[in-house]
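# Examination of the molecular architecture
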Amino acid sequence: MPIWRPYTSHYEGAPLPLRVVRAQGSYLYTAEGRAIWDGTCAWWVTVHGHCHPHIASAIARQAHTLDQVLFADFTHPAAEALTEQLTHRTGLAWAFFTDDGSTAVEVALKIALQYFYNRGEKRTRILALEGAYHGDTFGAMSVSARSAFTDPFREWLFEVEWLPFPCPKNESLLEDRLREIRQSGEIAAFIGEPLLQGVAGMRTYSSAYWDRIAQAVRAAGGIVIADEVFTGFGRTGALFATDLCNEKPDILCLSKGLTGGFLPLGLTLVHERLFEAFRSPEPHKALYHGHSYTGNPLACAAALASLELWSQPETQERLAQLVQTQGRLAAQWKSRFPDLPTRHLGLVWATELPTPEKGYFAGHRHALKAFALEKGLFVRPLGHVAYILPALSSEPSELERAVAVLADYTEALSA
Ligand SMILES: Cc1ncc(COP(=O)(O)O)c(C=O)c1O
């Protein structure tokens with residue numbers, strides 16, 4: 001089948017994709033009737049589980065009412081309600097709609113840069129965290145770590161200054177950089193994944209570091225952009241990772257879990273202060289960015305239905321239960337495999353597998369995936385980092401089983 005799959009090597013003899021015909025809760029069902037427990041939330045999107053009936057019904061209702069409008073000239077109730085809820089929740093007054101995580105980031109960067117342009121201020125320095133991943137469009141790639149993902153495009157990416165990953169080992173290096181940043185008049189923006197870098201290997205850091213970086217960037221007059229495309233919607237145990245930080249962002253990027261995994265949608269939420277630089281009848285002050293599907297009513301209806309689920313006590317109870325289970329499993333793993341760096345934050349459980357080759361191309365990404373699939377579990381290791389990210393439809397016993405499969409694989413490595 002000539003389908004060019006993402007992040008996939010295509011060659012004679014390469015593993016073929018599984019054909020999934022249906023999904024429910026935490027399970028995917030293949031054409032042959034196999035049930036596979038999805039430990040990735042379908043690339044981190046299906047927060048409530050697959051095919052949640054509440055979201056499915058909301059989309060169906062919307063599909064019979066209003067399918068699409070040209071969002072530059074029209075608005076509609078679902079986009080308005082979604083904007084109202086999220087601006088109220090975050091304190092960020094303006095919502096710009098896009099299609100996915102990369103474009104939510106792309107727009108955040110454009111807004112930050114055009115903010116200074118509209119004010120006639122020259123600010124050129126953009127900061128990001130070492131190891132960052134913010135998406136695959138050119139702006140998003142520019143603020144992402146240089147890697148095999150970006151190598152072919154390297155000379156077309158704009159320059160970014162990398163802050164050391166915030167951890168005790170890098171403390172003095174980071175403090176030196178922050179001191180210099182505080183005194184700079186050229187900082188335009190900092191972009192970071194608050195508390196948890198997903199693609200980098202589920203690397204966690206404390207909210208105190210996020211706060212210190214944000215404070216330094218603000219002291220320099222720069223804009224703080226939180227990319228919560230991955231961390232948003234429960235992943236860190238709170239609705240947003242920045243709920244756990246004192247320093248709130250000026251711009252917040254959302255996608256992935258926003259629609260509960262049903263439809264692509266990105267949102268860039270922006271502080272009133274920044275919007276003020278765009279409030280003008282002069283045409284060159286407007287933001288010239290948009291997508292054909294901007295503000296798609298079906299996606300907005302899905303996002304609203306997902307937020308309704310988040311407001312239910314059962315959702316919060318299940319979140320707390322699974323966060324607690326992941327914490328317990330991480331502690332048990334640490335005592336069983338004390339040499340393996342193991343991390344837990346919110347719903348995320350991750351461990352570094354023993355390997356001669358670290359990084360995204362470590363052989364575990366294929367070997368562990370194949371091993372787990374045999375046992376009815378889908379995982380997609382980030383190179384040598386194995387992780388489990390459960391949907392809220394999961395039972396604690398399913399998490400225990402998933403981690404037991406990973407333990408069997410890890411034991412077999414040293415056998
Ligand atoms: C933190 C972060 N930002 C942005 C993106 C890009 O999102 P999308 O794949 O929807 O373009 C991702 C995707 O994994 C991500 O983890």
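Residues numbered from 1 in each chain as written. Predicted model: local features only at pLDDT ≥ 70, side-chain atom pairs only at ≥ 80, totals over all residues. Heavy atoms only, no water.

With that settled, consider the site of the ligand. Taken together, the neighbourhood of the ligand is formed by Trp44, Asp100, Gly101, Ser102, Tyr133, His134, Gly135, Glu193, Asp227, Val229, Phe230 and Lys256. At a separation of 2.6 Å, an oxygen atom of the ligand approaches a polar side-chain atom of Ser102. In this structure, an oxygen atom belonging to the ligand sits 3.2 Å away from a side-chain N or O atom of Lys256. Summarising the interface, the protein chains cover 85% of the accessible area of the ligand, which totals 390 Å² for the free molecule. A breakdown of the residues in the shell around the ligand according to their chemical character gives 4 nonpolar, 4 polar and 4 charged. (Near = heavy atom within 4 Å. Polar contact = N/O pair within 3.5 Å; in protein donor to acceptor, adjacent residues only side chain to side chain. Areas by Shrake-Rupley, 256 points an atom, 1.4 Å probe, with all protein chains shown as cover. Nonpolar A, V, L, I, M, F, W, Y, C, P; charged D, E, K, R; others polar.)

The 3 strands lie next to each other as β13-β14-β16, forming an open sheet whose pairing is antiparallel. Pairing within the sheet leaves two strands with one partner each, and these edge strands are β13 (342–345) and β16 (385–388). Averaged over neighbouring strand pairs, the angle between their axes works out to 15 degrees when direction is ignored. Here 4 bridges tie strand β14 (residues 348–352) to β16, and the two strands are oriented antiparallel to one another. Opposite Thr351, over in β16, you have Ala386 as the bridge partner. Contacts between helix α10 (residues 313–336) and the sheet are confined to β13, β14 and β16, with β13 contributing the most and set at about 165 degrees to the helix. Sheet strands touched by helix α12 (residues 396–414): β14 and β16. Its angle to β16, the strand with the most contacts, is close to 160 degrees. (Pairing = 2+ DSSP bridges. Helix = DSSP H or I, 4+ residues; strand = E, 2+ residues; numbered from the N terminus. Axes fitted to C-alpha atoms, helices over the stretch in contact; angles between N-to-C directions. Contact = heavy atoms within 4.5 Å.)

As far as domains go, the protein holds domain 1 (1–38 + 357–387) and domain 2 (55–310). The C-alpha-based centres of domain 1 and domain 2 are spaced at 29 Å. With 6 residues of domain 1 at the interface, the matching set in domain 2 holds 8 residues. Taken together, both faces of the contact between domain 1 and domain 2 bury some 540 Å²; the carbon and sulfur share is 80%. The tally of links from domain 1 across to domain 2 stands at 0 salt bridges. (Domains from an automatic or database assignment. Buried area = accessible area lost by both parts, 1.4 Å probe. Salt bridge = Lys/Arg side-chain N within 4 Å of Asp/Glu carboxyl O.)

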